[in-house]
Amino acid sequence: MRHLPYFCRGQVVRGFGRGSKQLGIPTANFPEQVVDNLPADVSTGIYYGWASVGSGDVHKMVVSIGWNPYYKNTKKSMETHIMHTFEEDFYGEILNVAIVGYLRPEKNFDSLVQGTRENAVVSKDALRCLKCNKLSQYLQHRASSMSAWCGCFDSVGEGLLQM
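Fair warning: this is a prediction, and the values are worked out from it, not measured in the lab.

Rules used throughout
- Note on numbering: residues in each chain are counted from 1, in written sequence order.
- It should be noted that, the model being predicted, local features are given only for residues of pLDDT at least 70 and side-chain atom pairs only at 80 or more, the latter also being counted only at that level, while totals for whole chains, interfaces and linings use all residues.
- Computation of side-chain values: all heavy atoms of the structure, hydrogens and water removed.
- Here a Phe, Tyr or Trp ring, Trp counted by its six-membered ring, pairs with any other such ring whose centre lies within 6.5 Å, and the pair is stacked when the planes are under 30 degrees apart, edge-to-face when over 60, and tilted otherwise.
- Helix and strand labels come from DSSP, where a helix needs a run of H or I of at least four residues and a strand needs a run of E of at least two; each type is numbered from the N terminus.
- Here's how the labels work: a residue is buried when its accessible area is under 20% of the maximum for its type, exposed when over 50%, partly exposed in between, all with a 1.4 Å probe on protein chains only.
- Lysine and arginine charges are scored as sitting over a ring when NZ or CZ, respectively, is within 6 Å of the ring centre and within 35 degrees of the ring normal.
- Strand pairing follows a simple DSSP-based rule, namely that at least 2 bridges must link the two strands.
- Polar contacts, as used here, are pairs of N or O atoms within 3.5 Å; protein pairs need one atom able to donate a hydrogen and one able to accept it. Residues neighboring in sequence count only if both atoms are side-chain atoms.
- Residue contacts follow a heavy-atom distance rule, with two residues in contact if any of their heavy atoms lie within 4.5 Å.
- A residue's pLDDT is simply how confident the predictor is in it, with values from 0 to 100.

Undergrad: Looking at this model, I keep getting lost on the packing of aromatic side chains. Mind explaining?
TA: Between two aromatic rings, the relevant description is the distance of the centres plus the angle of the planes. The tally for this structure, following the rule as stated, stands at two aromatic pairs. Ring geometry for tyrosine 47 and tyrosine 102: centres 4.9 Å apart, planes at 65°, overall edge-to-face. Of this pair, tyrosine 47 sits in strand 3 (residues 45-53) while tyrosine 102 is found in strand 6 (residues 94-104), placing the two residues 55 residues apart along the sequence. Taking relative accessible area as the criterion, tyrosine 47 reaches 0% and is therefore assigned buried. Of the residues examined, tyrosine 102 reaches a relative accessible area of 36% and is grouped as partly exposed. Above the plane of the ring of tyrosine 91 lies arginine 14, whose end atom (NZ or CZ) is 3.9 Å from the centre.

So this is what it looks like as structure tokens:
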């Protein structure tokens, strides 16, 4: 993706039901509209950044954009794993995401759980920088004040990342 960070927002919908039930790694899924409206230069793969549910706290996240080769999906999806334990499901709530970096392309794993956990470890390390923390604060502010948004960093103001 050329323009990072990239921000998007949408209602959490039911996915394939595999993340939490089969893997013990819950994911929040965006509706088709959000996935279909991603910029053309968005490569499939694994990205990291920040996410919040509704006007709640902002947490680190990993998001998979693509067809998930392990399961051979025929429909492109955007599955967000928020690195936080929630008390209950939040289907129907609004998910706010700031994608700040790219980890790797989609690939098949012998163990999907191992691959997903490796993604989380790498993402946590990458999100410790000062610029990333400023983005976390920005997402918290924007999530509570906007009804709908989707776009790249250029459209939300360049002053954000100045130190």
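Right, picking up where we left off after that structure.
Undergrad: Could you clarify how one ought to interpret the environment of lysine 60 in this entry?
TA: Tracing the backbone shows lysine 60 in strand 4 (residues 58-66). Accessibility expressed as a relative area gives 23% for lysine 60, which makes it partly exposed. On a C-alpha basis, the gap between lysine 60 and alanine 98 in space is 9.7 Å, while along the polypeptide they are 38 residues apart.

Undergrad: Which parts of the structure should I look at to understand the pairing of strand 3?
TA: Looking down a regular strand, the side chains alternate between one sheet face and the other. Counting buried positions along strand 3 yields nine of nine residues, so the element is predominantly enclosed. Where strand 3 lies against strand 4, eight bridges are found, and the strand directions are antiparallel. Looking at strand 4, one finds that isoleucine 46 is bridged to serine 64. Taking the residues between adjacent antiparallel strands as the criterion, strand 3 and strand 4 are bridged by four residues, where glycine 54 takes a positive phi near 60°.

Undergrad: What should I look at first to understand the environment of arginine 9 in this one?
TA: Position of arginine 9 among the secondary structure elements: in strand 1 (residues 6-11). Residue arginine 9 is classed as buried on the basis of its relative accessible area of 16%. Remark: the alpha-carbon pair of arginine 9 and proline 31, spanning 22 residues in sequence, is separated by 10.0 Å. At a separation of 2.9 Å, a polar atom in the side chain of arginine 9 contacts the side chain of asparagine 96.

Undergrad: Sorry if this is basic, but what is going on with the environment of leucine 38 here?
TA: Locating leucine 38 in the fold gives a position in the loop between helix 2 (32-36) and strand 3. Residues leucine 38 and cysteine 8, spaced 30 residues apart in sequence, show a C-alpha to C-alpha distance of 8.8 Å. Beyond its immediate sequence surroundings of up to four residues, leucine 38 is in contact with Tyr6, Ile65 and Met78.

Undergrad: Even after reading the chapter, I still don't get the confidence of the model for the protein chain, so can you show me in this structure?
TA: One rule of thumb: low pLDDT means the predicted coordinates there are not for detailed reading. Taken as a whole, the protein chain shows an average pLDDT of 74; of its residues, 57% reach a score of 70 or greater. Below pLDDT 50 for its whole length, residues 145-163 participates in 37 contacts with residues either more than four positions away or in separate chains.

Undergrad: Even after reading the chapter, I still don't get the pairing of strand 1, so can you show me in this structure?
TA: Counting buried residues in strand 1 gives five out of six residues, a clear majority hidden from the surface. Sheet topology places strand 1 next to strand 6; six bridges connect them, and they run antiparallel. In the sheet register, phenylalanine 7 faces strand 6, and the bridge partner there is alanine 98.

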